[in-house]
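Overview (structure and organization)
Take a look at the letters that make up each chain.
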Amino acid sequence: MAGLSGFVLDENGRPITGVTVQQLNASTRTFTNDSGKFSIKLPAQKPVAVEFSHAGFIVEKRNFYFTSNEMETITVILKKSVHELEEVTVSADQKRREANAIAINPNVARQAPNPLANIEGLIKIFVGSNNELTSQYSVRGGSYDENLVYVNDFEIFRPYLVRSGQQEGLSFINPELTQNVKFYNGGFQARYGDKMSSVLDISYRNPVKNGGSAYISLLEQGAHLEGVSRNKKFTYLMGARNRSNKNLLSSQDTKGNYIPSSGDVQALLTYRISEKWKAEVFGNFSSTKFTLYPEESKLTSGVFSPLYSSNLGLDIYFEGQEKDSYNSNFQGLSFYQQVNHRLKLKYMFSHFGNNENEHIDITGAYIFGERDNDQTKSSFGSIINPLGAGVFQNYARNKLNIDIYNFSWKGSLESDRSFWQWGLSAEKQFITDRLHEWEYNDSAGYSLPHYSPNLDLFRSVKGRTSLEVTRLSGYLQNNIRFHNRTEFILQPGLRFNYNDLNGELLLSPRLGFSFKPKSQSDLIIKGAVGSYAQPPFYREMRRYDGTVNTSLLAQKSIQASFGADYNFKMWKRPARITSELYYKSIRDAVAFDVDNVRVRYFGENNAKAWAAGLETRLYAELVKDAESWISLSFMKTQEDLLNDYYVNYYNAAGEIITPKTPDQQVAFTDTASVGWLRRPTDRFVTFGMFFQDYLSTNKNFKVYLSLLFGSNLPYNVPDNPRYRNALTIDAYLRADIGFSVLLLDPQKANRRSHSPFKNFESIWASLEVFNLIDKANTISYMFIKDFSNSVYTMPNRLTPRLINFKIAFKW
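Residues numbered from 1 in each chain as written. Predicted model: local features only at pLDDT ≥ 70, side-chain atom pairs only at ≥ 80, totals over all residues. Heavy atoms only, no water.

Right, let's talk about the overall build of the chain for a bit. Within the chain, the secondary structure is distributed over five helices and 45 strands. Evaluated residue by residue, the chain yields a buried proportion of 53% over its 811 residues. Summarising the internal contacts of the chain: among those between residues at least 6 apart in sequence, 67% fall at separations of at least 24. Accessible surface, the chain as shown: approximately 35,600 Å² in total, 56% of it carbon and sulfur. (Helix = DSSP H or I, 4+ residues; strand = E, 2+ residues; numbered from the N terminus. Buried < 20%, exposed > 50% of the residue type's maximum accessible area, 1.4 Å probe, protein only. Contact = heavy atoms within 4.5 Å. Areas by Shrake-Rupley, 256 points an atom, 1.4 Å probe, with all protein chains shown as cover.)

Next comes the structure, spelled out in structure tokens:
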């Protein structure tokens, strides 16, 4: 005799209970348990066929040939008999009914081509982006700091001092460990925290078998292990990653020795104490280092100058170095209590620690003027008609330490027509910051600004801050189901927040609804309205001059959205279209500027703002069993800075002039207001597309294409209300493509028992081409003055085309 055992899972890796496992043409059979596990005795020394069947799933057959006393372990994946787009067209209506909710299949995130290979890369297809080097994103006109991220109900934080995408390390979320991804781009429920724009809610896997994976690419390497104890009480899920963006940065405009490195280790351990109690330990340690020894940079303006026959160029020659480090750690402990089948409680303890250091000491000598583009001349590529020259020096010695301790209690109570949820949280924050940075600019032999014979720095910021903040928050919400002509669900909720720094108590009522007309079972109408407030964290409180405004009030918004979700057939395959209108009004807003990925705040409640738009998304199987989607959105967001009056100076002829010294005599002055302007995140059109395909004769050869377009963005002169919206960043356009081939058949039954690969489920190889069209997208501008003191702008470009190779193993 021989033995066959293993697990039966669905396409999302979830165990299937009650699957019939039967030897064909024999009475031998068994069934899977609650964990999807089975074990069956089978004859040896002859061919054996085994059938796996369950209602609602396609029957799976496997062939075996066992030697005497051989024990074989397998994992069987059953596909649904009526295929649906997993995580996109959901069999249950729950996710479709939630306003502003987007469900993302983590398997697609692991396959989709993007330079950072993370979950956020797919999110950007829906919300847009203007920087492929960062995992940060802006949602409906909000800043990067207005987005909440949760992993297994723990709130996740990220480094704060990062200035550019080049310095960013790994995203906190490890795609290899992820089970479910829910994204709310506004109008989210009261149970989520106190931010204004979005929620990314991640659930890590609960392992049901022993296994793992590993991958190697030119940019990143990683591995993960998962398993279950014999008594099924203990499970573990662990992952480790290492990433270096050196290849990605090697073609940047600034040449030099880039030494970026980032690594992290994560672990999720669970133990079932009893039938009613379960404990979970979650930990993460992440370390990112960025070192740069710049050598030279040759920039060329993409804007034609009417004064010169060719583009303007800027050559910079550097000395010095930049050394940054960002280390963070997270520890979480939670206890689940299932009092009965209706009442569930959860107790959570967590600590987030963050230690960041910036050491910058870089000097650059530059020459600016007309660049020779005539390839027939020996001066090709050189500056032939200088307009300006100078020297600048950037210096920084910044150090930031953050510790956040949190205790939370959550619960849920389910009845026939109601589902109550509540929670209370107490949080203590300890923040210590040392800020010391300055910039020196020299032009034509004198220091800028040139107001006196003294040596003045162009910008100087210095400060020390130590804060302790206690926050209390909580929520209560209910899902109420009504049965009448329409299936109507109402979701009222209330959230509160208090902090002892400014003594502000915030109450945020929220209401969501959805209904499905009985005459249109494929249609769901849904909407949400509510109040959303964002208490200030340290970044919002710090002004441009380095001082900290501890009396800063929370930013507050009223948001409303209304939309529809419709399932239909496209080419006889399932498809789904969603559309939403939204409006957001913001008061006590804190004005900000975006410079690369660094968000710099004015540190005052000095603005009011609004955002409105329309979002439409289409999900479909353009080819069978391969989900694709298209997203199109239109948005307008503006702000009005309060007390933003500036002074115009006039000469005797009535012409506006700029005084060269503070005490220069002028004929007269008047004041003007900036008024309503575009916010730094105002992007009118965003278009995103993700497409999958495979060879019609062989599904093991696949192609993935992602495309992202975003119309122009405004760019502000930092800390200068008069010159907000002074510049425009051109439209962002990027396409990434990936080709994958299956090197090893995932069906273990097709391999002999003595095969060296018998324990591998699959081996995939991928070739990715990033920035397929090689468009030089702009992320920010550099300001340069010529000999006559006129200001020119030079664009800072993002990454060019790059090829990446990846091979992934799963066992």
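Along the chain, Glu437 turns up in strand S21 (residues 418-443). Engagement of the side chain of Glu437 in a polar contact is seen with the side chain of Arg163, the distance being 2.8 Å. Leaving out residues up to four positions away in the same chain, Glu437 has contacts with Arg163, Tyr395, Ala396, Asn398, Arg459, Ser460, Val461 and Arg598. (Polar contact = N/O pair within 3.5 Å; in protein donor to acceptor, adjacent residues only side chain to side chain.)

Take the sheet that holds strand S5 (residues 47-53) next. Within the open sheet, the four strands sit side by side as S3-S2-S5-S6. Their pairing is antiparallel. Where the open sheet ends on each side, the last strands, each with one partner, are strand S3 (29-31) and strand S6 (60-65). Along the sheet, successive strands turn relative to each other by an average axial angle of 20 degrees, direction set aside. When strand S2 (residues 20-23) meets S3, the two strands line up antiparallel, connected through three bridges. Each bridged residue has a counterpart across the sheet, and for Gln22 the counterpart in S3 is Arg29. (Pairing = 2+ DSSP bridges. Axes fitted to C-alpha atoms, helices over the stretch in contact; angles between N-to-C directions.)

Below, the discussion takes up the packing of aromatic side chains. The relation between two aromatic rings is expressed through the spacing of the ring centres and the mutual angle of the planes. Under the definition given, this model contains 36 aromatic pairs. Residues Phe154 and Phe282 carry aromatic rings whose centres are separated by 6.3 Å and whose planes lie at 25 degrees to one another, so their mutual orientation is stacked. Highlighted residues: Phe154 in strand S10 (residues 154-155) and Phe282 in strand S17 (residues 277-300), separated in sequence by 128 residues. Members of the aromatic cluster, connected to one another through ring pairs, are Phe126, Tyr619, Trp629, Phe690 and Tyr704. In this structure, Lys278 packs its charged tip against the face of Tyr336, placed 4.8 Å from the ring centre. Above the ring of Tyr215, the side-chain terminus of Lys806 is found at 4.9 Å from the ring centroid. (Phe/Tyr/Trp six-rings, centres within 6.5 Å; stacked < 30°, edge-to-face > 60°. Lys NZ or Arg CZ within 6 Å of the ring centre and 35° of its normal.)

We now examine the pattern of salt bridges. Evaluated as defined, the whole model comprises 31 salt bridges. Two residues, Lys556 and Asp588, come together in a salt bridge whose shortest N-O distance is 2.8 Å. Taken as a pair, Lys556 in strand S27 (residues 555-570) and Asp588 in strand S28 (residues 573-589) lie far apart in primary sequence, 32 residues in all. On the basis of relative accessible area, Lys556 is assigned to the buried category, the value being 10%. For Asp588, a relative accessible area of 22% translates into the label partly exposed. Taking the shortest distance from any N to any O, the salt bridge between Arg724 and Glu639 comes out at 2.8 Å. You can see Arg724 sitting in the loop between strand S39 (713-715) and strand S40 (727-729) and its partner Glu639 sitting in strand S32 (residues 626-641), a full 85 residues away along the chain. The residues Arg724 and Glu639 share a single accessibility class, namely buried. (Salt bridge = Lys/Arg side-chain N within 4 Å of Asp/Glu carboxyl O.)

Here we come to the sheet that holds strand S1 (residues 2-9). Across the sheet, three strands lie side by side as S4-S1-S7; this open sheet has mixed pairing. Both outer strands of the open sheet, strand S4 (37-42) and strand S7 (71-77), are each paired with one neighbouring strand and no more. The average undirected angle you get between the axes of adjacent strands in this sheet is 25 degrees. One ladder, built from seven bridges, connects S1 with S7; its direction is parallel. From the neighbouring strand, Val8 faces S7, where its bridge partner is Val76.

Here Asn105 shows up in the loop between strand S8 (101-104) and helix H2 (106-111). Owing to a relative accessible area of 7%, Asn105 belongs among the buried residues under this scheme. A polar contact of 2.9 Å, which involves the side chain of Asn105, links it to the backbone nitrogen of Asn107.

What follows deals with a nonpolar patch on the surface. A cluster of nonpolar side chains, contributed by Leu225, Phe234, Met238, Leu269, Tyr271, Ile273, Trp277, Val281, Leu333, Phe349 and Phe407, occupies part of the molecular surface with about 880 Å² of accessible area. Broken down by secondary-structure element, the contributors of at least two residues to the nonpolar patch are strand S15 (234-243), strand S16 (254-272) and S17. Mapping Val281 onto the fold places it in strand S17. With a relative accessible area of 40%, Val281 lands in the partly exposed category. (Patch = residues over 30% accessible without salt bridge, like charges linked within 9 Å, V, L, I, M, F, W, Y side chains within 5 Å.)

Quick look at the nonpolar core now. Formed by 56 residues in total, the largest nonpolar core has its most connected members in Leu122, Leu200 and Tyr204. Top contributing element to this core by residue count: helix H3 (residues 119-127), with six residues. Once residues within four sequence positions are removed from consideration, Tyr204 is found in contact with Val151, Asn152, Phe172, Ile173, Asn174, Leu177, Thr178, Gln179, Leu237, Gln266, Leu268 and Phe282. Ranked by size, the runner-up nonpolar core spans 19 residues in total, among them Ile16, Phe52, Phe57 and Phe64. (Core = buried A, V, L, I, M, F, W, Y, C linked by side-chain atoms within 4.5 Å.)

In this fold, Leu581 is placed in strand S28. Sequence separation between Leu581 and Thr616 is 35 residues; the distance between their C-alpha atoms is 9.0 Å. Those residues in contact with Leu581, other than ones at most four positions away along the chain, are Ala560, Ser561, Phe562, Gly613 and Leu614.

Among the structural elements, Leu177 can be located in the loop between S10 and strand S11 (178-184). Given a relative accessible area of 1%, Leu177 falls into the buried group. Along the primary structure Leu177 and Gly239 are separated by 62 residues, whereas in three dimensions their C-alpha atoms are 7.2 Å apart. When residues no more than four places from it in sequence are discounted, the contact partners of Leu177 are Tyr204, Arg205, His224, Leu237, Met238, Gly239 and Gln266.

Turning our eyes to something else, we now look at unusual backbone geometry. A positive phi angle, near 65 degrees, is found at Lys232, a position not held by glycine. Tracing the chain through its elements places Lys232 in the loop between strand S14 (220-228) and S15. We note that Lys572 has phi near 65 degrees; this positive angle belongs to a residue other than glycine. Relative to the helices and strands, Lys572 is located in the loop between S27 and S28.

In an α-helix, one turn spans 3.6 residues, which is why side chains three or four residues apart end up on the same side. Among the nine residues in H3, nine count as buried, and that is most of the element. Among the residues of H3, those classed as buried are Ile119, Glu120, Gly121, Leu122, Ile123, Lys124, Ile125, Phe126 and Val127. Gly128 occupies a position one or two residues after H3 and carries a positive phi of about 90 degrees.

It is worth spelling out the confidence of the model for the chain at this point. Predicted coordinates in regions of low pLDDT should not be interpreted in detail. Averaged over every residue, the pLDDT of the chain is 85; residues scoring 70 or more account for 88%. Scored below 50 in pLDDT, residues 82-92 makes 34 contacts in the model with residues more than four places away or belonging to other chains. Scored below 50 in pLDDT, residues 660-667 shows 12 contacts in the model against residues more than four places distant or in partner chains. (pLDDT = per-residue confidence, 0-100.)

Another aspect to go through is the pairing of strand S29 (residues 592-595). Where S29 and strand S30 (residues 598-601) come together, four bridges link them in antiparallel fashion. Bridging across to S30, Asp593 finds its partner in Arg600. Joining the antiparallel neighbours S29 and S30 is a turn of two residues, in which Asn596 adopts a positive phi near 60 degrees.

Along strand S12 (residues 198-204), six of the seven residues are buried, which leaves the element largely enclosed by surrounding structure. Note that strand S9 (residues 147-151) and S12 share five bridges and pair parallel. Within S12, the position partnered with Val151 by the bridge is Ile202. Here six bridges tie S11 to S12, and the two strands are oriented antiparallel to one another. Each bridged residue has a counterpart across the sheet, and for Tyr184 the counterpart in S12 is Val199.

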